[in-house]
Each structure stands twice: as structure tokens, then as C-alpha cells.
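The primary structure of each chain is shown beneath.
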Amino acid sequence: ETVQTGEQTKEATGEDIAEERRVVEQLSKLYNWQIKLINLFLEGESTPEIFMEIYSDYESRIKALNEKRLEMIARYESRMKELTQRLETLKLRHEVSEISQREYIRQKIEIDNELGKLKPKLAVLQNPIEIKIGDIPKFREDVLKLIDDVKAKGPQLKLPQDFVERVVGNLNALLDAMQDLVRQYERIRTEILKLEVRYKVGELAHEEYLTQKRRLERQLELTF
């Protein structure tokens, strides 16, 4: 079975995340091509030599883009930590009357605005395969199956053992990169289950239950 990444995603919501979107779109396409290539090879559609040449090309391009993605994530996380600390300091300075209410509000709005721009950038970058949150379990299951297939069929198809291990290592690295997405999926699913229990015990009215459930289910349709 071919593993598909989510290439069809919603349009960027603004210029603020344009650069991050470009990096992730390119990365997603390369992951998609690489996974399709592995499947083609396992189905006997390519010689080991041709497979290794094309695979290595995708691998080097993925590495370069992923390094850029991780550098951007580190930069944004560092800046967000700095801004959060500034916000805490600002609040304290306001509470002891060192700065006026007007100045506190002005600086807080400034910090909140920057944080508001950084959060969606970070969210886009944390989904390198541009997949819907709700599709994460199936994608993860398919990648795990692909790992087993490469281990079993790779040597039979004359793929050198060191290259088999290389492919398996890259697929495991992709699973590791998805951990934030897995946690996000599990958090949303837990919220839906809690909502259902609250409705069943009568805490929530039917209309309120449906409204909140639809809101959570919409989150599963997003890529960030």
C-alpha cells in the first residue's frame, strides 16, 4: 500500500507564514516522492541501482530542507521564550507600579502581537509532511508497515544491507519528527471523548455538545 502525505492543504492564511509554508510544501513533496519510490522498488518496478541513485537525491534534498526547518523552529522557539519572559517581567514591573497602566498595555500589545505572528509559523513548521491531524494514526501505521516491508523485501530484491538500514533509519526519523503531531491528535481525541462523557451524564445540552464536538472535529481537518 502506498503511503500518501497530505499535499492538498488549505491555502496560506497570509504572507506571515509564506516562507514557512514554502519550506514545508517542498519537504512534503520530497517525502511523498521518496515514499512512492520505496513502494515502486518493493513492487519490483526499479532496479536496486536506479532506486539507490534517485533515493539518495531525495535524501540529500530532504536533509537540506529539514535542516532549514529545524533552524527556523529553534529560532522561533528561542524568540517566543524571550518574549514570554519579557511579558512576565513587564507584568511584575506593572504590579509594583514601576510603569504606568498605559505603558504596560502598550508594551503588552506589542509583545502579544509578535507572539501571535510566531505561533502559526511554528505550527506550520511542526508538520513537515503537511498531513491533516486526523490522518496521523493511519499515516504512522502505514510508515511502520513500510519499515517492516523494507526490512523483509529489501535484501530479497538485492538492496545492500547498509542501504536497507539507511532507508529504515530515515523512515524512523520521519516517525520521530511526527511526535508533536501525534500528541496533538491524541489531545484532540481525548477532548472529544471527555465531551461525549459530559454529554452522556447530562452536563451538556445536546446543542452545546454538537457545537463543541464540531469545533474539535474541524481541528482534525487542519494541518496545523
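Up top is the structure.
These numbers were taken from a predicted model, which means no experiment stands behind them.

**Q** Mind showing me how you'd approach the overall build of the protein here?
**A** The helix and strand inventory of the protein stands at seven helices and zero strands. What you see in the protein, going N to C, is helices and strands ordered as α-α-α-α-α-α-α. Relative to a compact globule of 224 residues, whose C-alpha radius of gyration would be 17 Å, the protein shows 22 Å and is clearly more extended. Each principal axis of the C-alpha distribution contributes one length, and for the protein these read about 75 × 45 × 25 Å. Partitioning the contacts of the protein with sequence separation of at least 6, the portion at a separation of at least 24 is 77%. A total accessible area of about 13,300 Å² is found for the protein, and carbon and sulfur atoms account for 50% of it. Charge centroids of the protein, computed over 39 positive and 43 negative side chains, lie 4 Å from each other.

**Q** Explain helix α6 (residues 179–200) to me, please; I cannot follow it from the model alone.
**A** Spacing of three or four residues puts side chains on the same side of an α-helix, whose turn is 3.6 residues. An ideal rise of 1.5 Å per residue puts 32 Å on 22 residues; α6 measures up with 32 Å between its terminal C-alpha atoms. Burial in α6 covers these residues: Leu181, Val182, Ile188, Ile192 and Leu195. Viewed end-on, α6 has its buried residues packed into an arc of 150 degrees, placing them on one side of the element. If you follow the buried residues of α6, they end up packed against α4 (136–153) and α7 (206–220).

**Q** Teacher, can you tell me more about the layout of surface pockets here?
**A** Any space left empty among the atoms is revealed by the rolling of a water-sized probe across them. Of the volumes computed, that of the largest pocket is approximately 220 Å³. Lining the largest pocket are 13 residues, and of these Tyr31, Ile62, Lys63, Asn66 and Asn170 lie nearest its centre. Sorting the residues of the lining of the largest pocket by element identifies α1 (18–42), α2 (48–95) and α5 (161–177) as the ones contributing at least two each. The leading source of residues in the lining of the largest pocket is α2, at seven residues.

**Q** Looking at this structure, I do not really get unusual backbone geometry. What am I missing?
**A** Glycine aside, a negative phi is what most residues show, and trans is what most peptide bonds show. In this structure, Ser97 takes a positive phi of about 65 degrees despite not being glycine. Summarising the element assignment, Ser97 is placed in the loop between α2 and α3 (101–125). Here Ser97 falls in the exposed class, since its relative accessible area comes to 60%. Even without being a glycine, Glu130 presents a positive backbone phi close to 50 degrees.

**Q** Could you clarify how one ought to interpret the environment of Ile38 in this entry?
**A** Relative to the helices and strands, Ile38 is located in helix α1. Between the alpha carbons of Ile38 and Tyr58 there is a distance of 11 Å; along the sequence they are 20 residues apart. Beyond its immediate chain neighbours, meaning those up to four positions away, Ile38 contacts Phe51, Tyr55, Leu146, Val150, Val167 and Leu171.

Rules behind the numbers
- Residues numbered from 1 in each chain as written.
- Predicted model: local features only at pLDDT ≥ 70, side-chain atom pairs only at ≥ 80, totals over all residues.
- Heavy atoms only, no water.
- Helix = DSSP H or I, 4+ residues; strand = E, 2+ residues; numbered from the N terminus.
- Rg over C-alpha atoms; globule rule 2.2 N^0.38 Å.
- Contact = heavy atoms within 4.5 Å.
- Areas by Shrake-Rupley, 256 points an atom, 1.4 Å probe, with all protein chains shown as cover.
- Lys, Arg positive; Asp, Glu negative; His and termini not counted.
- Charge placed at Lys NZ, Arg CZ, Asp CG, Glu CD.
- Expected span 1.5 Å × (residues − 1).
- Buried < 20%, exposed > 50% of the residue type's maximum accessible area, 1.4 Å probe, protein only.
- Arc of directions from axis to C-beta.
- 1 Å grid on protein atoms, 1.4 Å probe; cavity = no way out; pocket = protein on both sides within 12 Å on 5 of 7 lines; lining within 4 Å.
- Points joined across faces, edges and corners; volume = space filled by probe spheres on them.

On their own, these measurements won't tell you what the molecule is for.
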